[in-house]
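Coordinates in review
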Amino acid sequence: MTSLISAPPLSSAQPAGSSADWAVEAHGLVKTFGAHRAVDGVDLRVKTGTVYGVLGPNGAGKTTTIRMLATLLKLDGGEARIFGHDVRREPQIVRQLIGVTGQYASVDENLSATENLVLFSRLLGLTRKQSKAKSAELLEQFGLTEAAKRPLKNFSGGMRRRLDLAASLIAQPPLIFLDEPTTGLDPRTRAQMWETIRELVSTGSTVLLTTQYLDEADQLADRIAVIDRGTVVAEGTTDELKSSIGSSSLQVRLADPKEVEDAREIIGRVLSATAVVSPEGSRLTAPMEHVSAVTDLLVVLRERGIELTELSVQKPTLDEVFLSLTGHSVSDEVAEVAEAAQDAQDAASAAAGDAASQPGLADADADPDPNPSTPKAKILS
Amino acid sequence: MTSLTLRPTIAPGAQRELKNHVPFSQLISNSLSMAGRGLIKVRRTPEQLFDVTLQPIIFTVMFTYIFGGAISGSVANYLPLIIPGILVQTVITTSVVTGVQLREDMDKGVFDRFKSLPIARIAPLAGALLADTLRYAIATTITFITGFIMGYRPAGGLGGIIGAALLVIACSWAISWIWAFFGMIGRSASSVQGISMMILFPLTFLSNAFVPANTMPSWLEWFVNINPVSYLVTAVRDLTNNGTVGYDALWALIGAIAVVAVFAPLTVRAYMRKV
């Protein structure tokens, strides 16, 4: 049961050159749908044998990026290589190197689990006998043997995802795309999925996954790219990203909104962090390195006579990552999608500048708000 | 439970020898696999079989008893005229489903997987069209059996029946390319159904399938006589009732080839743009 397709074992002598080191190299990826630029100059480099997380809210362009890399969507701009093979010029080669598990399970609803896996195995060139053996083996590995003959209509969300992932592993692809592998799963199934992904990496696979959950990226990924409105706003290891947003996040609500600028200045001085003002103007959010520093802050606020109505210290959520990295929150994002069409023109030019000045993490780290004028103006007004 | 006991056995991407084209033998085997999928689906969803099982029975019984006395004096005299007509009409109607199902299929998640696999791009389309010939064969068989039960004894014998069946299946397969094309360009499955029916009804009813053309007004008779479906109906009548193959069969086949020659490239082009 442990042996999959007879694949040559990993040899210790890796050939030199970029195609061995990089599973994914993408530069300036662009995809437009009408006037809306869904992906707007995304750069990604994924090292072979690592887990790379693409983190972002709904509509940020994660799925579109993955679909372009997986040859499911044509590139409108930029270039991408998978293990050194260009997705545009050598799509058929790229398809032999990847497995794709989509956000919506890409298995056939009308077929049973076994029939699905046998079909995909046959399409991949296995004989009838090999296909049956392979399917039985994968079903066993993913704990689906009992449900093998049942119609997929009765499968739970978790079972469906597992089958989907199993289908992606038939050809033992060296690169696996997982588009939001745990969205909509209950916590227990989610933990199982994480375990499966970790096992996968231990076999030598490279994994590129998208997620909306900071903790998921934290749990699984070696490196993370935070993506917002079709551009990468920050990139780095999980530790680098966490230090850029602080290990925890402070939220205070002021009794008198007029004192917000004073409070902001104090937070900046005491915590040496940039506080972001909430849209209604009375709440401040700031990244924090040490929770104990909150005492110093409270003392200074009291000396200055600034009253608080609310105070909390939390683990940073995706929302805070966004606040500190982009200057706007995830919920703004939803409202702005509507504006996106008319804004596309200005956004395009602004973001093009962004992407150009952002080859690595350094910028994003040093200045958590790389484009201060536009987004912040919106929030303050 | 999901304890994976995989060991590092995956060949690194950079070390694999790969080709960027699909050999013809793989196209054939991929298409057959996809056709196999189509057959499992037919078996799994019996309602898909209704239009090839119940429809031929209902149409044959209904039209024969409604028109029989009026057109041919009696039901028995009408059978040699109506059975070939019903056969052509039913099987062509069945072929409409091809486009609708293709559209539905392409909107589903599983199509993403097909697109991400290193298979022949055209295999899902080819497989679907191939699997549908089985549905035409079922519809053909059931129409003949219903006719036989109602007293139809074709003078052309078994050879004539088999020849007629093959001709109808071949022509319907050709016509299914038209519906497949609408399946590619249509906005949704129901719009595909709508467009296809709009073309199908005049094509099958404005023919000599149910009523002899010489009873119609002259302008209609002119259309009925040039309608390719009429040639097919006449050819089927020749085969089943006389056991002969005439020019009508030839014209029907030429028409079928012309349809494939026009619509296969159009469909494939529209399809390739989608995948």
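For the structure itself, look to the data block above.
Attention in this report is confined to the structure presented alongside it.

Rules used in this analysis
- Residues numbered from 1 in each chain as written.
- Chains lettered and ligands numbered in written order.
- Predicted model: local features only at pLDDT ≥ 70, side-chain atom pairs only at ≥ 80, totals over all residues.
- Heavy atoms only, no water.
- Helix = DSSP H or I, 4+ residues; strand = E, 2+ residues; numbered from the N terminus.
- Buried < 20%, exposed > 50% of the residue type's maximum accessible area, 1.4 Å probe, protein only.
- Contact = heavy atoms within 4.5 Å.
- Areas by Shrake-Rupley, 256 points an atom, 1.4 Å probe, with all protein chains shown as cover.
- Polar contact = N/O pair within 3.5 Å; in protein donor to acceptor, adjacent residues only side chain to side chain.
- Pairing = 2+ DSSP bridges.
- Phe/Tyr/Trp six-rings, centres within 6.5 Å; stacked < 30°, edge-to-face > 60°.
- Axes fitted to C-alpha atoms, helices over the stretch in contact; angles between N-to-C directions.
- Parallel < 35°, antiparallel > 145°, perpendicular 65-115°, else oblique.
- Left-handed = near helix turned anticlockwise from the far one by under 90°.
- Expected span 1.5 Å × (residues − 1).
- Core = buried A, V, L, I, M, F, W, Y, C linked by side-chain atoms within 4.5 Å.
- Salt bridge = Lys/Arg side-chain N within 4 Å of Asp/Glu carboxyl O.
- Nonpolar A, V, L, I, M, F, W, Y, C, P; charged D, E, K, R; others polar.

Let's shift gears to the overall build of chain A. When helices and strands are tallied, chain A shows 15 helices and 14 strands. In chain A, which comprises 381 residues, the proportion classed as buried is 54%. Contacts in chain A between residues far apart in sequence, at least 24 positions, make up 68% of those at least 6 positions apart. Of the roughly 16100 Å² that chain A leaves accessible, carbon and sulfur atoms contribute 54%.

All names here are of chain B. Along the chain, asparagine 30 turns up in helix 1 (residues 24–44). The exposure class assigned to asparagine 30 is buried, which follows from its relative accessible area of 1%. Along the backbone, asparagine 30 and alanine 126 are 96 residues apart, and their C-alpha atoms lie at a distance of 9.1 Å. Separated by 3.0 Å, the side chain of asparagine 30 and the backbone nitrogen of alanine 120 make a polar contact.

Where strands meet in a sheet, backbone hydrogen bonds hold them as pairs that are either parallel or antiparallel. Residues and elements named next belong to chain A. Strand order in the open sheet formed by 4 strands is 2-1-4-5, and the pairing between neighbours is antiparallel. The open sheet has two edge strands, strand 2 (36–47) and strand 5 (85–86), and neither has a second partner. Inspection of the sheet shows strand 1 (residues 22–33) paired to strand 4 (residues 77–82) by 5 bridges, in the antiparallel sense. Note that in strand 4 the partner of glutamate 25 across the bridge is arginine 81.

So, on to the packing of aromatic side chains. Residue and element names in this part refer to chain B. According to the stated counting rule, one finds 12 aromatic pairs over all chains in the structure shown. Judged by centre distance (6.3 Å) and plane angle (55°), the ring pair of phenylalanine 63 and phenylalanine 205 falls under tilted. Taken together, the residues span a long stretch of sequence, with phenylalanine 63 in helix 2 (residues 47–72) and phenylalanine 205 in helix 7 (residues 189–205) at a distance of 142 residues. In this structure phenylalanine 63 comes out as buried when scored by relative accessible area, which is 9%.

We now examine the packing of helix 6 (residues 157–185) of chain B against helix 9 (residues 228–242) of chain B. Residues and elements named next belong to chain B. Direction vectors running N to C along helix 6 and helix 9 enclose 160°, while the axes themselves pass 7 Å from each other. Classed by the angle they form, the pair helix 6 and helix 9 counts as roughly antiparallel. Like other packed secondary-structure pairs, helix 6 and helix 9 cross with a definite hand, here right-handed. Contact residues: Gly157, Gly160, Ile161, Gly163, Ala164, Leu167, Val168 and Cys171 in helix 6; Leu232, Ala235, Val236, Leu239 and Thr240 in helix 9.

A few words now on helix 5 (residues 123–149) of chain B. End to end, helix 5 of chain B covers 40 Å across 27 residues, agreeing with the expected 39 Å (1.5 Å per residue, within 8%). Immediately downstream of helix 5 of chain B, the backbone of Gly151(B) shows phi near 110°, a positive value.

Moving on: the nonpolar core. Taken as a class, soluble globular proteins show a tendency for nonpolar side chains to be buried jointly. Within the largest apolar cluster, 108 residues are counted, with the highest numbers of intra-cluster contacts made by Phe120(A), Leu163(A) and Phe114(B). With 16 residues, helix 6 of chain B is the largest single contributor of residues to this core. Beyond its immediate sequence surroundings of up to four residues, Leu163(A) is in contact with Val107(A), Ala113(A), Asn116(A), Leu117(A), Leu139(A), Leu144(A), Leu152(A) and Phe155(A). Listed in part, the 33 residues of the second largest apolar core include Ala23(A), Val39(A), Leu72(A) and Leu75(A).

So, on to the sheet that holds strand 11 (residues 248–254) of chain A. All names here are of chain A. One open sheet accounts for 4 strands, arranged 12-13-11-14; its pairing is antiparallel. The outermost strands of the open sheet, each flanked by one partner alone, are strand 12 (276–277) and strand 14 (308–314). This element, helix 10 (residues 260–270), spans strand 11, strand 12 and strand 13 (283–288) of the sheet and lies at about 5° to strand 13. Along the sheet, helix 11 (residues 293–303) makes contact with strand 11, strand 13 and strand 14, crossing strand 14 at roughly 165°.

Right, let's talk about the side chain of Asp108(A) for a bit. Locating Asp108(A) in the fold gives a position in the loop between strand 6 (98–101) and helix 4 (113–123). The exposure class of Asp108(A) is buried, given its relative accessible area of 2%. In terms of polar contacts, Asp108(A) uses its side chain to reach the backbone amide nitrogen of Asn110(A), at 3.0 Å. The contacts of Asp108(A), once residues within four sequence positions are left out, are Asn116(A), Leu152(A), Arg37(B), Lys41(B) and Val110(B).

If you walk through the whole model with that rule in mind, you get 27 salt bridges over all chains. Its salt-bridge partner being Asp112(B), residue Lys115(B) comes within 3.9 Å of it at the nearest N-O pair. Linking Lys115(B) with Asp112(B), this pair stays in helix 4 (residues 109–116), spanning 3 residues, or about one helical turn. Looking at Lys115(B), the relative accessible area reads 12%, which means it is buried. Of the residues examined, Asp112(B) reaches a relative accessible area of 23% and is grouped as partly exposed. Taken together, the salt bridges that share partners define one network made up of Glu25(A), Arg45(A), Glu79(A) and Arg81(A).

In the contact formed by helix 4 of chain A and helix 4 of chain B, the axes pass within 11 Å of each other and the chain directions differ by 25°. With respect to helix 4 of chain B, the element helix 4 of chain A is oriented roughly parallel. The two elements helix 4 of chain A and helix 4 of chain B cross, and the hand of that crossing is right-handed. Residue-level inspection shows Leu119(A), Phe120(A) and Leu123(A) of helix 4 of chain A in contact with helix 4 of chain B, the latter providing Val110(B), Arg113(B) and Phe114(B). Here the residues of the contact of helix 4 of chain A with helix 4 of chain B are counted per class, giving 5 nonpolar, no polar and 1 charged.

Residues and elements named next belong to chain A. Phi is positive for glutamine 172, which is not a glycine, with a value near 50°. One can find glutamine 172 in the loop between helix 6 (157–168) and strand 7 (175–179). The phi dihedral of glutamate 180 is positive, around 45°, even though this residue is not glycine. Secondary-structure assignment places glutamate 180 in the loop between strand 7 and helix 7 (187–202).

What follows covers the pairing of strand 3 (residues 51–55) of chain A. Residues and elements named next belong to chain A. The element strand 3 is extensively covered by neighbouring structure, given that 5 of its 5 residues are classed as buried. A two-sided burial pattern is seen for strand 3, the buried positions comprising Val51, Gly53 and Leu55 on one face and Tyr52 and Val54 on the other. Sheet topology note: the strand 3/strand 8 (residues 206–211) ladder contains 5 bridges and is parallel. Pairing of valine 54 across the sheet is with threonine 210, part of strand 8. Inspection of the sheet shows strand 3 paired to strand 9 (residues 223–228) by 4 bridges, in the parallel sense. Residue pairing for strand 9: leucine 55 is matched across the bridge by valine 226.

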